Amino acid sequence: MSKIQKTGSIVCVSTGMTLGAHMSPICRSHIEQADVVFAACHPMLELWLKEMNLDVRSMQVFYAEGKDRRITYKEMVAAMMSEVRAGKKVVGAFYGHTGVFAWAPHKVIEMAKAEGYAAHMEPGISAEDCLYAHLGIDPGTYGCQNFEASQFMFYQRNIDPSAYLILWQVAIAGDKSIKRYSTGEAYRKLLIEILADHYPLDHQVALYECPTLAIDEPRIDWLPLSEFANADISLITTMVLPPSKKMLKNHQILDRLAELDRKFQ
Amino acid sequence: MTAIQLLEKLGANASFNPNHLSKEDKSSIEQAVSTSKTFTAVQLNTQPNDDEETPEENDDDDKESKKEN
């Protein structure tokens, strides 16, 4: 680990998903004490952050229609690092859990540490955490697999249909350009085709969206897998597939465990 | 109380009931929500090809990328 000897620092904090409800006391404290806060969250959350710190800078300005988002993410890191190098106490406030489905927070911490600055991440409440509460599902019951939808399409993944499957960023499923904000029906049909190897087309799947404001309800729409192609979805929509098969017992291991039990109990 | 302060209280205080908000408070929240800017939620993307180079916007970024690699 690099020896920390410079005055600048970076903490990536989590705002949580819902304004007022989810931010931890330590995240709030970091925001309040920062010299500058870079925000990557819903505009309403940004307004909330502005009540905690006078210098809150939105990183939404780095996004643009038709712009490769890998450039956007690099610009986020560059903006944060520039202030760290200037000796400031910097906070990157990212919505949900700062380290979940977010490239820039991990990268800026890695870079700052490599350059000898103090850097760490504060966890928070992610969309996944909210999903379990709102849908009333427990990942421990059958197991749970999480994939970014495009990654699920680009690579051959071994999925277990006896566990939950959660696909994130389904609105841009199959986007190879990393520039689009929606791919569309043909791409979703291909995703359905991949899923159809494990799930019947009439399998009920949920489309979930976590609310930003406490006055709003979460979106939980159940529909057959086949209808996903034409469903109304956005960048914050997540697809949840409950198990389509029962868990199969591993008789070989159960027999061996029984042997161990006879020996050690 | 500002709209954001009201929303913070609604999120943080279990006994603060949205049904008990005054007409003015409701309208202040509605106005804040309606004037809020658009939001891009995506912060991570899978690269389609492992060996594909990340595009760069300018020379400085290019140097940074080479350092990373």
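Values in this document were obtained by computation on a predicted structure and should not be read as measured data.

Parameters and conventions
- Residue positions are counted from 1 within each chain, in the order its sequence is given.
- Written order decides the labels, with chains lettered from A and ligands numbered from 1.
- Where totals are concerned, whole chains, interfaces and linings use all residues; where local detail is concerned, this predicted model gives features only for residues with pLDDT of at least 70, and gives and counts side-chain atom pairs only at 80 or more.
- Heavy atoms from the whole structure form the basis of all side-chain values; hydrogens and water molecules are not counted.
- Should any heavy atoms of two residues lie within 4.5 Å, those residues are counted as being in contact.
- Here the buried area means the combined drop in accessible surface, using a 1.4 Å probe, for two parts upon being joined, counting both sides.
- What makes a salt bridge here is a side-chain nitrogen of Lys or Arg within 4 Å of a carboxyl oxygen of Asp or Glu, nothing more.
- Counting of polar contacts relies on pairs of N or O atoms within 3.5 Å, with two restrictions inside protein: one atom must be capable of donating a hydrogen and the other of accepting it, and residues adjacent in sequence are counted only when both atoms are side-chain atoms.
- Helix and strand definitions here come from DSSP, where helices need a minimum of 4 consecutive H or I residues and strands a minimum of 2 consecutive E residues; each element is numbered from the N-terminal end.
- Under the convention adopted here, Pro, Cys and the residues Ala, Val, Leu, Ile, Met, Phe, Trp and Tyr are nonpolar, Asp, Glu, Lys and Arg are charged, and Gly plus all remaining residues are polar.
- The aromatic pairing rule takes the rings of Phe, Tyr and Trp, using the six-membered ring of Trp, and pairs them if the centres are within 6.5 Å, calling planes under 30 degrees apart stacked, those over 60 edge-to-face and the rest tilted.
- Any residue under 20% of the maximum accessible area for its type is buried, any over 50% is exposed, and the rest in between are partly exposed; the area is computed with a 1.4 Å probe on protein chains only.
- Cation placement over rings: the criterion is NZ of Lys or CZ of Arg within 6 Å of the ring centroid and within 35° of the ring normal.
- Each domain's extent is set by a domain assignment, obtained either automatically or from a database.
- By definition, two strands form a pair when at least two bridges between them are found by DSSP.
- How sure the predictor is of each residue is captured by pLDDT, a score from 0 to 100.
- The axes are straight lines fitted to the C-alpha atoms, using for helices just the contacting stretch, and the angles between their N-to-C directions are given from 0 to 180°.

Asks: Quick question: what am I supposed to make of the interface of chain B and chain A here?
Replies: Accessible area lost upon the coming together of the parts is a frequently used measure of interface size. Chain B puts 37 residues into the contact, and the matching count from chain A is 43 residues. Taken over both partners, the interface formed by chain B and chain A buries close to 3,800 Å², and the fraction arising from carbon and sulfur atoms is 60%. Contact with chain A buries area across many residues of chain B, yet Phe39, Gln43 and Thr46 of chain B alone supply 20% of it, more than any other trio. Summed over the shared surface of chain B and chain A, the result is one salt bridge. Notably, a salt bridge pairs Arg28 of chain A with Glu8 of chain B, separated by 2.7 Å at the nearest N-O pair. Across the chain B-chain A interface, the total number found is 15 residue pairs in polar contact (both at pLDDT 80 or more). Looking at the side of chain B that touches chain A, the elements with two or more residues in it are helix H1 (3-12), helix H2 (23-34) and helix H3 (59-68) of chain B. Take the side of chain B that touches chain A: its biggest share by element is seven residues, from H1 of chain B. Across the side of chain B that touches chain A, the residue classes tally to 14 nonpolar, 13 polar and ten charged.

Asks: Is there a simple way to explain the packing of aromatic side chains in this structure?
Replies: Two aromatic rings, taken as a pair, are described by how far apart their centres are and by the angle between their planes. Residues and elements named next belong to chain A. The final tally for this structure, using the stated rule, is four aromatic pairs over all chains. An angle of 55° between the planes, with centres 5.9 Å apart, marks the rings of Tyr142 and Tyr164 as tilted. Taken together, the positions of Tyr142 in helix H6 (residues 139-142) and Tyr164 in strand S7 (residues 164-168) put the pair 22 residues apart, joining distant regions of the chain. Taking the relative accessible area as the measure of exposure, Tyr142 reaches 39% and is therefore partly exposed. Ring plane angle 45° and centroid distance 5.6 Å describe the contact between Phe147 and Phe152, whose orientation is recorded as tilted. Over the aromatic face of Phe228 sits the side chain of Arg188, whose NZ or CZ is 5.7 Å from the ring centroid.

Asks: Teacher, can you tell me more about the domain arrangement of chain A here?
Replies: All names here are of chain A. What the domain assignment lists for chain A is domain 1 (3-121) and domain 2 (127-241). For domain 1 versus domain 2, the distance between C-alpha centres works out to 27 Å. The interface of domain 1 with domain 2 comprises 16 residues on the first partner and 18 residues on the second. Buried area between domain 1 and domain 2, summed over both chains or domains, comes out near 1,400 Å², and the portion from carbon and sulfur atoms is 61%. Per-residue buried area on domain 1 facing domain 2 is highest for Met17, Arg69 and Phe101; these three make up 45% of the total on that side.

Asks: Help me understand the pairing of strand S8 (residues 204-209) of chain A in this model?
Replies: Residues in a regular strand project their side chains so that they alternate between the two faces of the sheet. All names here are of chain A. Summarising burial for S8: five of the six residues are buried, a large majority. Where S8 meets strand S9 (residues 219-224), six bridges bridge the pair, whose relative direction is antiparallel. Looking at S9, one finds that Ala206 is bridged to Trp222. The pairing of S8 with strand S10 (residues 238-241) spans three bridges and is antiparallel.

Asks: For this particular structure, what's the right way to read helix H2 (residues 43-50) of chain A?
Replies: An α-helix turns once per 3.6 residues; consequently, residues spaced three or four apart project the same way. Counting buried positions over the eight residues of H2 of chain A gives six, a clear majority of the element. The elements touched by buried residues of H2 of chain A are helix H1 (25-33), strand S2 (36-40), strand S3 (56-58) and strand S4 (89-94) of chain A together with H1 and H2 of chain B.

Asks: Can you help me understand the confidence of the model for chain B in this one?
Replies: The predicted coordinates ought not to be read in detail in places where the model reports low pLDDT. All names here are of chain B. With 71% of its residues at a pLDDT of 70 or more, chain B has an overall mean of 78. At the level of individual helices and strands, chain B shows its lowest average pLDDT in H3, which scores 41, and its highest in H1, which scores 95. Note on residues 58-69: pLDDT is under 50 here. Beyond four places in sequence and across chains, it has ten contacts. Interface confidence for the predicted complex, expressed as ipTM, amounts to 0.87; the pTM equals 0.91.

Asks: Quick question: what am I supposed to make of the sheet that holds S7 of chain A here?
Replies: The strands making up a sheet associate through backbone hydrogen bonding, with each pair oriented either parallel or antiparallel. Residues and elements named next belong to chain A. Here five strands make up an open sheet; going across it, the order is S6-S7-S10-S8-S9 and the pairing mixed. Two strands in the sheet have a free side with no partner beyond their single neighbour: strand S6 (144-148) and S9. The average undirected angle you get between the axes of adjacent strands in this sheet is 20°. In this structure, S6 lies alongside S7, joined through five bridges in parallel fashion.

Asks: What exactly am I supposed to notice about the sheet that holds S2 of chain A here?
Replies: Residue and element names in this part refer to chain A. Reading across the sheet, the five strands line up as S3-S2-S4-S1-S5 and stay open at both edges, with parallel pairing between neighbours. Only two strands of the sheet have a single partner each, and these edge strands are S3 and strand S5 (118-121). Direction aside, neighbouring strands of the sheet carry axes that sit 20° apart on average. Here three bridges tie S2 to S3, and the two strands are oriented parallel to one another.

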